[in-house]
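Descriptive structure summary
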Amino acid sequence: MRFVQLHFLTVYPPSNPNRDDMGHPKTAIYGGVHRLRLSSQSLKRAARLSPAMSEALKGNMGERTQRIGDAVIEHLRERGADDEKAREVAQLVAQIFGKVDTAASEKNPDHVRTRQLAFISPDERQAAMKMAERALAGESVDKEARNRGKEILRTADGAVDLAMFGRMLADAPDFNREAAVQVSHAITTHRAEVEDDFYTAADDLKKPAEDVGAGFVGEAGFGSGVYYLYVCIDIARLVENLAGDRVLARKALEAVSEAFATASPSGKRNSYSHHTRASYIRAEAGNQQPRSLAAAFLNPVNAEDLLGESINRLKKTADAIDKAYGATVDESTEMDLLSGSGTLAEIKTFVAAQVSDA
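Thresholds applied
- Residues numbered from 1 in each chain as written.
- Predicted model: local features only at pLDDT ≥ 70, side-chain atom pairs only at ≥ 80, totals over all residues.
- Heavy atoms only, no water.
- Helix = DSSP H or I, 4+ residues; strand = E, 2+ residues; numbered from the N terminus.
- Buried < 20%, exposed > 50% of the residue type's maximum accessible area, 1.4 Å probe, protein only.
- Expected span 1.5 Å × (residues − 1).
- Arc of directions from axis to C-beta.
- Contact = heavy atoms within 4.5 Å.
- Polar contact = N/O pair within 3.5 Å; in protein donor to acceptor, adjacent residues only side chain to side chain.

1. Observations concerning unusual backbone geometry
Phi at lysine 268 takes a positive value of approximately 55 degrees, unusual for a residue other than glycine. By the secondary structure assignment, lysine 268 is in the loop between helix H10 (246-262) and helix H11 (269-272). On the basis of relative accessibility, which here comes to 28%, the residue lysine 268 falls in the partly exposed class.

Here it is, written out as structure tokens:
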């Protein structure tokens, strides 16, 4: 068993990248004080959609969707299928990935969608379309054909994001995929509060002789701070999920390391332009049981130099855990903007090297 652990400290300016149901930045209480929070789900999606993954791993990225049936209808129409036949086949194919949302189909017959989102690999998508083409050519589309269609779900091995972040198919649990990458919620290392932003919008066509009021008034929330993010990667599981393709595993590890260092959730980006980069990265590798370093910030950082003190806390906590438990990693490296040590390229090389040739 081999684990890679990544610790990121990233500075966010005033922004609202990950909103709650009221449109305000997400929060958490940790160590008895309020922190700003970025959800694990938002961070994983930002990583998946970032150029570091979507471009570097093009052809090896899946799709998370309810709309595979819609895609089948469009695919078959391009091949001359009439609407009724295309919808019939789409119902069959969509059922492979989950229960069909009958309400959506009743509202619009061209919508053949599953109730749940399903992670679908490129090979699974291609196999689904081939099955749809065979059905269009006259192959039986009865229940038995649907059961045979489950074989489509055995072709998930080439999707890196599926291998990393896993999937659950409620109607086909045998084809669930255990995630190889665990991603924490990111929280500020210090006390942080949501601030209110009262704003107005002017009407360009309003004449000076009219009232001087704004055309629209509103209120939004924002916050800023130094966020700690922890990522744990099970190397053996990643290689297994990729059907033993170690070359692809190394490429995936380089891509995901860069993605979490450079990508951020996109909420209100046009309003705040929060294009962030990690200021500090600690990369570790070893066969020992993983451990987060979040305890470094249980007592909130309270210093003029929030970033510098956060880095010091992280290092001291890692040393303290090693002193108490013995070495918890075999080797480590870091990138630190404040000291000027290390580079992202070195982090990527270190992480990818943990995939052995054995």
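2. Digging into helix H6 (residues 122-136)
Given a rise of 1.5 Å per residue, 15 residues ought to cover 21 Å, and the 21 Å separating the end C-alpha atoms of H6 matches this to within 8%. Of the positions making up H6, those classed as buried are Glu124, Ala128, Met129, Met131, Ala132 and Ala135. For H6, the buried positions fall inside an angular range of 160 degrees around the axis, keeping them on one side. In the stretch just after H6, glycine 138 is the one whose phi turns positive, near 125 degrees.

3. Regarding the side chain of serine 279
Locating serine 279 in the fold gives a position in strand S10 (residues 278-286). Judged by its relative accessible area of 9%, serine 279 is buried. Residue contacts for serine 279: discarding those within four places in its chain leaves Leu9, Thr10, Val11, Leu307, Met335, Asp336 and Leu337.

4. Notes on H10
For H10, which comprises 17 residues, the first-to-last C-alpha distance of 24 Å matches the rise-based estimate of 24 Å (1.5 Å per residue) to within 8%. Residues of H10 that are buried include every one of Leu248, Ala249, Ala252, Leu253, Ala255, Val256, Ser257, Ala259, Phe260 and Ala261, and no others. Here H10 starts with a cap whose side-chain oxygen sits 3.3 Å from the backbone nitrogen of valine 247, and that cap is aspartate 245.

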